[in-house]
Structures are given as C-alpha cells and as structure tokens.
Amino acid sequence: MDPGVTASRNDLVLTGFGSEETVTENGNITTTKSEELEEKKNNSGITYGIDDNPPWYLCIFIALQHYLTMIGSIVSIPFILTPALCMRDDDPARSEIVCTMIFVTGLVTWFQATFGCRLPIVQGGTISFLVPTLAILNLPQWRCPEPEIVDAMTPENRTELWQIRMRELSGAIAVSAIFQLLIGLFGIVGMLLKYITPLTIVPTVSLVGLSLFENAARAASQHWGIAAGTIMMVTLFSQLIREVHIPVPGYSFGKGFRIIWFQLFKLFPVLLTILLMWGVCGMMTHFEHLPVGHPARTDIKLKIIEQSPWFRLPYPGQWGIPTVTAAGVLGMLAGVLACTVESISFYPTTARMCVAPPPPVHAINRGIAIEGLGTILAGIWGSGNGTNTFGENVAAIGVTKIGSRRVIQYASFLMIFLGLTTKIGAVFIIIPQPVVGGMFCVMFGIIVAFGLSALQYVDMNSSRNLFVVGFSIFFSLVLPKWMQAHPHSIQTGNEIVDSIITVLLSTSIMVGGITGCLLDNFVPGTPEERGLIKWQKEIEFTSNKDDADIPSTYDFPVGMGFLKRHKVFSRFPFLPTYRP
C-alpha cells in the first residue's frame, strides 16, 4: 500500500488505475481489479501506463516518433486527392493542404486525448474518405478538363478550378460528419454494434485499400524499378531485420556517455525507406539517369518549396465558403461510417495495449462524437479529408511500450506547430512519385489485411460465411467500376437524384458495407458461426455502474466534482457520470 494512504476494514483504497483494494473482516487483502491491472502491466512490459507521466524530454522524443509515424499516412492523401481536384503537380497550394491536415490533426488529437475517449490515440486524415471523394469527383460536372485546357488557363482560373471542387468536398465532409457527432452524443453507438458484425467490418474496411489499387499502380508505374526498390526496402526493414539493434551514442547523468542499442528498423521502417529511396532518386537525377521532367526526378517540384511561406495560419473557409449538395453529403457518409466502424475496433485494442481498464460505453460514445466533431472541423478548415484513429500510432504503443496520454498531448502540440510551418509541409510534397507508389502498395495492402483480420472471429468453414464475404467484396468492386465507366447510366428524370444514386453506387465501401450487413443479418446463421460470441467479448464495453465513486481512467481531468453532485448528468450518454 502506498505511503500516506490508510484504510480501515471494508474501506476502499484508491490506486493508479482507478480500482479498489478490499480488506476483508479477517484482515486479508483480496485480489482486485487494481492488482490485476498492475500484474498485467508488469507482464506486458509496459513502461508507462495511460495515466503515467513520463519525463518531459522523453515525452518530446516519443511525441516526435508519433508525428513521424503519422506523417507517412497524412502526406499520402494529397498525392491522390490533389490530381482529382485538377491541381497541378507544382502548385504550392499542395503544401498548404498538407499543413492544414496536420494542423487540424493536432487540434482534434488534443481534444480526443484530453476530453474525448481519453485513450492515447492520434486522430488525423484517413484513406477511408478518399473512396467517396473520388466517387464524387468522378461525376460528370466535377471531372477535370483535358490537360491542354488546364495549361491554357490563367493562374487565377486554375486556382478557382481546384478550389470550387475543394469547397464541394468541404461541405460534404462537414455535413456528413454531423451524423457521427450525433450517434456519439445520443449513445446510438451501442445500438449500432448489434448490426456491425465482423462480416460487416470485413468488406467495409478491406475495400478501402482494394478500391485504391489503381492509384497505387498509377504512381508505381512511373518507374517500376524505384517502386520495387521501395517495396523491398520497407519489407526488409519492417519484417526481416526489425529486431536488429543499432549502436548509437547516449548520455545519462549517472553513467555519462555510453552506447545504446537502438531499435531503428523497428521504429522507423517507413521513414528510413522514404529517405533512402529519395536519395537513390537524387543520385539518378544528379547523374542524369532520368530524363528531364521524369516523375522520379527530385528537381521537378523544387519551386513548391521556394514559393511556400515559412509560416501560414490555416483558417476556416480558406478556400471559400463550403458548398453542400445531397449527392456529396450522402456519398461522403460512406467514409464516415467506415471510420466509425474502424475506430470502434481500435478503442479496446488501444486500452489493452496500455493495460488500461476496458473503455466504458460513455468513453466510446464520447470518442466517436469527438471524431465527428474533428471531421466537421477538417471540412470547415478545408483539408479535403476527415479525421479518424491512426492504426499505425496504436501499433507504435506496442513497440515503444509507452502508452501515456501525456505523450499524445505533447504530440498534438508538435503537430499544431508544424502545421503552421508551410515549408516543412512542402518538403513532403516533393517526394518522387514512384517512391510514393511503392509505399501505396504496402500501406493499402495493410489496410486490406486489417479489414480481413476480422475473419478471425468467424467460422470460415461455413459455406454461408464464404458466400457473404466473397459476394460482398467482389460485387462491391464490380458495380462501382461499372458505374464509373458509365456515369450517365442512372436516368430518373431528376438530376439531383441521379447524382445521389450514382455516387452511392460508385462508392465501394458503401456498397460493400451495406451488402455485408444485410446478408449477415438476414441469411440464417448461428451466433457462433457468425463470430458474434468472440466479437462481443472483444468489444465488451462496460458502464462502470458499480464504481460510481471511484476515479476512473476515463474521467475528465477537470469538473468531475460538479458532474457527480448533480444527478441530471448521469443521463447524458457521453459524460463520465453516465449510468444507463
């Protein structure tokens, strides 16, 4: 028992994890949730738990690592988004979009870690929104003009060309995210979980990666040699030599200078790959092994850095007032649903990795609500994307064994600062296209695998399940592909209705998610066969009903005394005092 904390018989002693230690009548101490969590912490090797505060210098170092882990996914989005917006490759506004994403990521991450679900998770741009985005921009009215027409435009007209499309996306993203905000605030997440089964998750999430294979192929085909080298490098670092330690000099006050064996390949496989292959492209450019203007050259986009200001403050409506159309909102709703499903599966995983108590239902509701609010802000700010939990940063916790939310709060301040530095964003934009294509092949593949991993809960010896999985994925690739090739095939007599139906049927994650959900909930099958028993154990969210007077990991950092004094707050599904 900690010094200075005493207890009489039958009293409760508060511990670091917000549980209790019970003293029985005969004076024996029973095993409690606190002791179980402490034992799990020791067995897991976690260095700092979710409520622990590492030294400030360690927080800065791990925060930088989280930023570097996140930035790879962030900068990949504009490489797909900006061409669809009809933006030229050398437009300096590309770096402004990247910095806007990073800035909003920092804001939402701080809100999530401090007042949201309070798990140490990073929020930011997501590939899930690219699928409906491309479906919307594939509508006849938003398709890009021919390149020679764009080249003949004045700079002002070229700017308006992409900004009018960005305003359409911004309005669609912001309005569709209101749905996510509301299901979190009103506690509808629990009801949706009855229908969001593993066979719904598999097509919804895996199709995010499968739908973007053409974008990966387009970038990689610019130079297959460089793309293949990128794939081999990231495979080597992340899979083959990830346990190899590198000696680096270190210093401590007690021991002075010494050699530290650093897990370089395990921590930074993506960053190392990009830097090495970028260097290869630089050498090929220097020795003129690549023709002038080749996408793999490192000198074709240098003017982006030259023309970008050092500091720029992103602000709401910076590309103009967002526009709202029914087709855009309903189409973008597919991305919102995909992000919701994905995040719900990340919350309990993150809690286990941090050796934290299972997230109660109010934390889940609040986390989804904050994600919705973050996506609304991302839309209003004009990032061209939404926000979602980064799986890469969740995995980083397992690698570093540091699950403190304080580290994520430091990381959020770092993101906000770097989001104001436009030249840093410009550096990431000039990464050679074949290197990006090679990274796409790996990253999109991992997204597909994450979606397919939900099959571990399902009986795949069942012909019923094989039918549901196979048809929902295959049909969701066939129909959107046909719709994109025949954008005028829907003729109802109403242009707005035509656009809505076209976008919905062109969005693979929407078609796949609805198909998988309907088939799994209507085709007869036992709960064990459908994987519901194992899945319910995986997402067993509690309400802390029996621990109303005990401080919780998921309580607000301020104002809990006020909330507990007024019973009315126990009726709000998103507050820590919620008692269903």
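Residues numbered from 1 in each chain as written. Predicted model: local features only at pLDDT ≥ 70, side-chain atom pairs only at ≥ 80, totals over all residues. Heavy atoms only, no water.

**Description of unusual backbone geometry**
Using the following cut-off: What counts as a helix is a DSSP run of H or I of at least four residues, what counts as a strand is a run of E of at least two, and both are numbered from the N terminus.
In this structure, Cys86 is a non-glycine residue whose phi angle is positive, near 70°. In this structure, Cys86 sits in the loop between helix 2 (56–84) and helix 3 (93–115). In this structure, Arg118 takes a positive phi of about 65° despite not being glycine. Positionally, Arg118 belongs in the loop between helix 3 and strand 3 (123–124).

**Notes on the packing of aromatic side chains**
How we decide: The criterion for an aromatic pair is that two Phe, Tyr or Trp rings (for Trp, the six-membered ring) have centres within 6.5 Å, with stacked assigned to planes under 30 degrees apart, edge-to-face to planes over 60 apart and tilted to the rest. Burial status follows relative accessibility: with a 1.4 Å probe on protein chains alone, a residue under 20% of its type maximum counts as buried, one over 50% as exposed, and anything between as partly exposed. Whether a charge lies above a ring is judged from NZ of Lys or CZ of Arg, which has to be within 6 Å of the ring centre and within 35 degrees of the ring normal.
Following the criterion strictly, the structure yields 10 aromatic pairs and no others. For the ring pair Phe115 and Phe556, a centre distance of 6.0 Å and an interplane angle of 65° mean the geometry is edge-to-face. Separated by 441 residues along the polypeptide, Phe115 in helix 3 and Phe556 in the loop between helix 24 (532–538) and helix 25 (560–565) bring together distant segments of the chain. On the basis of relative accessibility, which here comes to 28%, the residue Phe115 falls in the partly exposed class. Classification of Phe556 by relative accessible area gives buried; the value is 17%. On the numbers, 5.2 Å between centres and 10° between planes, the contact of Phe471 with Phe475 is stacked. Highlighted residues: Phe471 and Phe475, both in helix 20 (residues 463–485), separated by four residues, approximately one helical turn. A relative accessible area of 31% means that Phe475 is categorised as partly exposed. Through a chain of ring-to-ring contacts, the aromatic side chains of Trp110, Phe111, Phe115 and Phe556 assemble into a single cluster. In this arrangement the basic side chain of Lys423 is found over the ring face of Trp310, its NZ or CZ atom lying 5.6 Å from the centre.

**With respect to the layout of surface pockets**
Using the following cut-off: Of the two site types, the cavity is a set of points on a 1 Å grid over the protein atoms alone where a 1.4 Å probe fits but cannot get out, and the pocket is an open set with protein on both sides within 12 Å along at least five of seven lines, each lined by residues with an atom within 4 Å of a point. Grid points are joined across faces, edges and corners, and a volume is the space filled by probe spheres set on the points. For this classification, Asp, Glu, Lys and Arg are treated as charged, while Ala, Val, Leu, Ile, Met, Phe, Trp, Tyr, Cys and Pro are nonpolar and the rest, including Gly, are polar.
In this structure, the largest pocket encloses a volume near 1300 Å³. Considering the residues around the largest pocket, the lining is formed by 46 residues, among which Pro83, Ala84, Leu134, Asn215 and Arg218 are closest to the centre. Broken down by secondary-structure element, the contributors of at least two residues to the lining of the largest pocket are helix 2, helix 4 (130–137), helix 5 (147–151), helix 9 (213–220), helix 19 (433–452) and helix 20. The element contributing the most residues to the lining of the largest pocket is helix 20, with six residues. Grouping the amino acids of the lining of the largest pocket by side-chain chemistry returns 25 nonpolar, 10 polar and 11 charged.

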